[in-house]
Every structure is written in structure tokens, then in C-alpha cells.
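So you can see what is in the structure, the chains are spelled out below.
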Amino acid sequence: MELRYKIWLEKDGEPLLSFGKYLLLKEIEKTGSIYRAAQNLNIPYKKAHSYIKLTEKRFGKKLFTRKRGKGTVLTEEGKKLLELYEEILKRFEDTAKSLKELLREPP
């Protein structure tokens, strides 16, 4: 048996941030470019851009700013959202790790 789980954040009943969108935001943070992040993750630029716009709309705050010569940079709100998701993900992973021990024990 295996333990599986998916984690996403919702706001007002609408999906806000899932693991896939989290990876996109982290890749944009790393590369400084929505275009390069989309290429690195093998998703169309238009889809990546749509994800960002939809997430910002649901979040009610800008996640990135574009700075001439510096590319696309996370806003403070964007950083806080990523940090929150990372902390939640870490806690779930820690819990899942301990629960997997139950699956190793014979019933």
C-alpha cells in the first residue's frame, strides 16, 4: 500500500495554489522570467501566464513585478504565499513520512 495526498490552497472556495502552480512560481522566481519558467516546466507560455493572472485575481494581490533589467521579481505578498505553501507542504510531508510507517507494519 502507498499513502498519497495532494495539497492546494483555496480562497473563497476557489483553488488558489496547487503544487503545479507552486512549481511555476518557484521557477519564475529562479529564472526571473515567465517565458523561461514555462519552457523549463514544458508548459505553454500562454498557459503559464494565465495561471499567474488567475492566481493573482483570486489572491487579490500581485505576485510578481516586472523590473527593467531584472526580469520578473516576486512581490513581498508572492514571497509570503510561497513560504506559506512550503511550510504546509513540509508539515504534510513530515506527517506522511510518519504515517508510512503504519503501512510497513503488518495489520
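Note that the coordinates shown come from a computational prediction; the quantities given were computed from them, not determined experimentally. (Residues numbered from 1 in each chain as written. Predicted model: local features only at pLDDT ≥ 70, side-chain atom pairs only at ≥ 80, totals over all residues. Heavy atoms only, no water.)

A. View of the side chain of threonine 72. Mapped onto the secondary structure, threonine 72 falls in strand 4 (residues 71-74). Threonine 72 has contacts with Ile28, Gly32, Ser33, Ile34, Phe64, Thr65 and Arg66, leaving out every residue within four places of it along the chain. (Helix = DSSP H or I, 4+ residues; strand = E, 2+ residues; numbered from the N terminus. Contact = heavy atoms within 4.5 Å.)

B. Examining the packing of aromatic side chains more closely. Summed over the entire model, instances satisfying the criterion amount to four aromatic pairs. Summarising the aromatic geometry, the rings of tyrosine 35 and tyrosine 45 are spaced 6.2 Å apart at their centres and angled 50° between planes, so their arrangement reads as tilted. Of this pair, tyrosine 35 sits in helix 2 (residues 34-40) while tyrosine 45 sits in helix 3 (residues 45-59), and the two are ten residues apart along the sequence. A cation over a ring is seen here: lysine 61 above phenylalanine 59, with NZ or CZ 5.7 Å from the ring centre. (Phe/Tyr/Trp six-rings, centres within 6.5 Å; stacked < 30°, edge-to-face > 60°. Lys NZ or Arg CZ within 6 Å of the ring centre and 35° of its normal.)

C. Representation of the nonpolar core in the model. By size, the foremost hydrophobic cluster in this structure holds 21 residues, and its most contacted members are Leu17, Leu25, Ile28, Phe64, Leu81 and Tyr85. Those elements that place two or more of their residues in this core are strand 2 (14-18), helix 1 (19-31), helix 2, helix 3 and helix 4 (76-104). Those residues in contact with leucine 25, other than ones at most four positions away along the chain, are Leu17, Ile52, Leu63, Phe64 and Leu82. (Core = buried A, V, L, I, M, F, W, Y, C linked by side-chain atoms within 4.5 Å. Buried < 20%, exposed > 50% of the residue type's maximum accessible area, 1.4 Å probe, protein only.)

By themselves, these are just geometric observations and shouldn't be taken as functional.
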